Amino acid sequence: MARAGLTAGRLVAAAADLADEVGFDNVTLSALARRFGVKDASLYSHVRSLQDLRTRMALLAGGEMIDRIAAAVAGRAGKDALAAFAGAYREYALAHPGRYAATQVHIDQDVVAAAPAMRRTAEITYGMLRAYGLEEPDLTDAVRLLRSSFHGFCALEASGGFGAPRDLATSWERAVDALHIALEHWPARSAPQP
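Everything numeric in this text was worked out from a predicted model, so none of it was measured.

Reading the values: rules and limits
Residues numbered from 1 in each chain as written. Predicted model: local features only at pLDDT ≥ 70, side-chain atom pairs only at ≥ 80, totals over all residues. Heavy atoms only, no water. Helix = DSSP H or I, 4+ residues; strand = E, 2+ residues; numbered from the N terminus. Expected span 1.5 Å × (residues − 1). Polar contact = N/O pair within 3.5 Å; in protein donor to acceptor, adjacent residues only side chain to side chain. Contact = heavy atoms within 4.5 Å. Phe/Tyr/Trp six-rings, centres within 6.5 Å; stacked < 30°, edge-to-face > 60°. Buried < 20%, exposed > 50% of the residue type's maximum accessible area, 1.4 Å probe, protein only. Lys NZ or Arg CZ within 6 Å of the ring centre and 35° of its normal.

Caption draft 1: Inspection of helix α4 (residues 50-73) at higher detail. Helix length check: α4, at 24 residues, gives a terminal C-alpha distance of 34 Å against a target of 34 Å (1.5 Å per residue), a fit within 8%. N-cap assignment for α4: the residue whose side-chain oxygen lies 3.4 Å from the backbone N of Gln-51 is Ser-49.

Caption draft 2: Local environment of the environment of Ala-70. As for its placement among the helices and strands, Ala-70 is situated in helix α4. Once the C-alpha coordinates of Ala-70 and Thr-125 are considered, the two residues, 55 residues apart in sequence, prove to be 9.1 Å apart. Discounting chain neighbours no more than four positions away, the residues touching Ala-70 are Arg-120 and Ile-124.

Caption draft 3: Region of interest: the packing of aromatic side chains. Taken as a whole, this structure holds six aromatic pairs when the rule is applied. Centroid distance Phe-85 to Phe-150: 6.2 Å. Interplanar angle 35 degrees. Geometry classified as tilted. Remark: Phe-150 occurs in helix α9 (residues 138-158) and Phe-85 occurs in helix α5 (residues 78-95); sequence separation between them is 65 residues. Comparing Phe-85 with Phe-150, the two get one shared label, buried. Summarising the aromatic geometry, the rings of Phe-153 and Trp-172 are spaced 4.9 Å apart at their centres and angled 70 degrees between planes, so their arrangement reads as edge-to-face. Of this pair, Phe-153 sits in helix α9 while Trp-172 sits in helix α10 (residues 168-184), placing them 19 residues apart in sequence. Phe-153 sits in the buried class, given a relative accessible area of 11%. Taking relative accessible area as the criterion, Trp-172 reaches 6% and is therefore assigned buried. Feature note: the residues Phe-85, Tyr-89, Tyr-100, Phe-150, Phe-153, Phe-162 and Trp-172 constitute an aromatic cluster, connected by ring pairs. Here the guanidinium or amino end of Arg-54 rests over the ring plane of Phe-24, the centre of that ring lying 5.1 Å away.

In structure tokens form, the structure reads like this:
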């Protein structure tokens with residue numbers, strides 16, 4: 001029988017908190033069980049495995065992150081929306097390093113398709129990029145450009161990887177400016193060769 005008060009939601013939230021404290025890769029079922037003062041086996045009434053817990057953490061964190069991004073971009077378009085999106089992304093990544101790391105794990109596409117937070121992430125991101133006049137497959141390429149740029153910057157910033165004395169906030173703003181220009185002047189696709 002499951003311990004009273006222990007739910008999947010409470011476990012996932014506690015795991016996300018633990019990830020922010022000790023790092024996503026250091027979250028284990030044993031560490032989580034110790035946090036609740038229960039045996040590891042007690043957790044299996046609520047999560048199937050460590051992978052299941054990590055997937056649930058990714059969905060939780062992804063939902064939190066897109067909620068912040070959605071609030072930031074509401075009523076904005078073009079460069080203003082891009083800057084708001086980027087700022088909310090960076091703030092979340094730096095404030096919640098373990099949760100943010102969870103958002104970078106691979107999730108089965110069937111789970112992604114069934115998750116409201118993941119659908120909302122796609123809607124908001126693609127909606128912002130459509131304001132630049134992009135359509136598929138360019139939308140997917142633009143999403144990949146933004147994600148890799150934002151993630152790379154945040155990962156380097158979090159690890160202290162930027163050594164130059166230049167202010168990081170200024171570099172971030174310039175990077176967003178450059179991305180805006182790239183999106184405004186997205187290269188035309190070349191015609192397929194016969």
